[in-house]
Amino acid sequence: AEDIKFENDEAIMAICREGRGSVRDTLTLLDQVLSFSEDKFIGEEILVLALGLARTSAILEIVESVLNGDVDNVSKVFRGLLRENIPVKNIAYSLLDQFFNLTQKSDYPKAEIFWIYENLAKDSMWGLASLAPDKVMEIALQKLALRRTFFSEEKPIVAKKKTWESFLTHLDEV
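Reading the values: the criteria
Residues numbered from 1 in each chain as written. Predicted model: local features only at pLDDT ≥ 70, side-chain atom pairs only at ≥ 80, totals over all residues. Heavy atoms only, no water. Helix = DSSP H or I, 4+ residues; strand = E, 2+ residues; numbered from the N terminus. Buried < 20%, exposed > 50% of the residue type's maximum accessible area, 1.4 Å probe, protein only. Contact = heavy atoms within 4.5 Å. Areas by Shrake-Rupley, 256 points an atom, 1.4 Å probe, with all protein chains shown as cover. Patch = residues over 30% accessible without salt bridge, like charges linked within 9 Å, V, L, I, M, F, W, Y side chains within 5 Å. Salt bridge = Lys/Arg side-chain N within 4 Å of Asp/Glu carboxyl O. Lys, Arg positive; Asp, Glu negative; His and termini not counted. Charge placed at Lys NZ, Arg CZ, Asp CG, Glu CD. Core = buried A, V, L, I, M, F, W, Y, C linked by side-chain atoms within 4.5 Å. 1 Å grid on protein atoms, 1.4 Å probe; cavity = no way out; pocket = protein on both sides within 12 Å on 5 of 7 lines; lining within 4 Å. Points joined across faces, edges and corners; volume = space filled by probe spheres on them. Nonpolar A, V, L, I, M, F, W, Y, C, P; charged D, E, K, R; others polar. Expected span 1.5 Å × (residues − 1). Arc of directions from axis to C-beta.

## Topic: the overall build of the protein chain
When helices and strands are tallied, the protein chain shows nine helices and two strands. Out of the 174 residues in the protein chain, the part that is buried amounts to 37%. Put simply, of all contacts in the protein chain between residues at least 6 apart along the chain, 60% involve residues at least 24 apart. Surface summary for the protein chain: the accessible area is close to 11700 Å², and the carbon and sulfur share equals 57%.

Put into structure tokens, the structure is as follows:
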């Protein structure tokens, strides 16, 4: 009767997840989302605008980059979400949700997914309570992407001694 159209089932599920089991809260969220839609069509972009949710496509790209060890892409996509004003808490929640889904239905080694999930959960709690949640979360994601290098038999890289001036120069470049 309402003639509401959803881009896909994920859009419906996102609203339901945000309602956290409360029908009243879910209906309130649906009203909030509909206020951003002129034609009663609810897609990913409307959810991003109305609820501050991270785009599923971006979250899946971060998950894939973590699994493939692509540190640069992890940071690129994460920073893109921050530029879209997506709260770090929402990004963390979406990532935890996707990695949890992988524990249930994936050909990827379960022990590794469990390790990633556990570390992401712990680092997210720690990061969200920190003074710089965006930076802590980005480092945590980079750490997860680099997980396979932690136990390699290669000799560790020895950092060159830097002077204070070269450090300050580096900061100016960033």
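The structure having been displayed, the exposition proceeds.
## Concerning the environment of Val-66
Within the element layout of this structure, Val-66 appears in helix 4 (residues 56-68). In this structure the C-alpha to C-alpha distance between Val-66 and Gln-142, which are 76 residues apart in sequence, comes to 7.5 Å. With near-sequence residues (within four places) excluded, Val-66 lies in contact with Val-74, Phe-99, Ile-116, Leu-141, Leu-144, Ala-145 and Arg-147.

## Here we look at a negative patch on the surface
A cluster of acidic residues, Glu-61, Glu-64, Asp-70 and Asp-72, forms a negative patch on the protein surface. Its location among the elements puts Glu-61 in helix 4. For Glu-61, a relative accessible area of 33% translates into the label partly exposed.

## What to know about the nonpolar core
With 28 residues, the main nonpolar core has Leu-95 and Leu-141 as its most contacted residues. Looking at this core, the elements that each hand over two or more residues are helix 4, helix 5 (71-83), helix 6 (88-104), helix 7 (110-128) and helix 8 (133-145). In this structure Leu-95 touches Ile-59, Ile-62, Val-63, Leu-120, Met-137 and Leu-141, once residues within four positions along its chain are discounted. Within the second largest apolar cluster, 13 residues are counted, among which are Val-33, Ile-42, Ala-50 and Leu-53.

## Quick word on the layout of surface pockets
Reported here for the largest pocket is a volume of approximately 280 Å³. Among the elements of the structure, helix 1 (9-18), helix 3 (44-51), helix 4 and helix 6 are those that each provide at least two residues to the lining of the largest pocket. Split into classes, the residues belonging to the lining of the largest pocket amount to eight nonpolar, six polar and six charged. Each pocket or cavity is described by its volume, and for the second largest pocket that value is around 200 Å³.

## Regarding the environment of Asn-73
With respect to the element layout, Asn-73 can be found in helix 5. Since its relative accessible area comes to 13%, Asn-73 is described here as buried. Ignoring anything within four residues of it in the chain, the contact list for Asn-73 reads Glu-61 and Ser-65.

## Describing helix 7
Side chains of residues three or four places apart in an α-helix project in the same direction, reflecting 3.6 residues per turn. Over its 19 residues, helix 7 runs 26 Å from end to end, which matches the ideal 27 Å to within 8%, given 1.5 Å per residue. Inspection of helix 7 places Glu-112, Ile-113, Ile-116, Asn-119, Leu-120, Asp-123, Ser-124 and Gly-127 among the buried residues, and these make up the whole buried set. Angularly, the buried residues of helix 7 cover 135° about the axis, an arc narrow enough to put them on a single face. Exposed residues pointing more than 90 degrees away from the buried face of helix 7 are listed as Ala-111, Met-125 and Trp-126.

## With respect to helix 4
When the terminal C-alpha atoms of helix 4 are compared, their 18 Å separation across 13 residues agrees well with the 18 Å that a helix rising 1.5 Å per residue should span. Within helix 4, the full set of buried residues consists of Ala-58, Ile-59, Ile-62, Val-63, Ser-65, Val-66 and Leu-67.

## Some points on the pattern of salt bridges
Tallying each qualifying case throughout the model produces eight salt bridges. The closest approach of N and O atoms between Arg-55 and Glu-84, which form a salt bridge, is 2.8 Å. Of the two residues, Arg-55 is situated in the loop between helix 3 and helix 4 and Glu-84 in the loop between helix 5 and helix 6; the sequence distance between them amounts to 29 residues. In this structure Glu-84 comes out as partly exposed when scored by relative accessible area, which is 33%. When salt bridges with common partners are traced through the structure, they connect Glu-10, Arg-17 and Asp-97 into a single cluster.

Taken by themselves, the reported measurements are silent on function.
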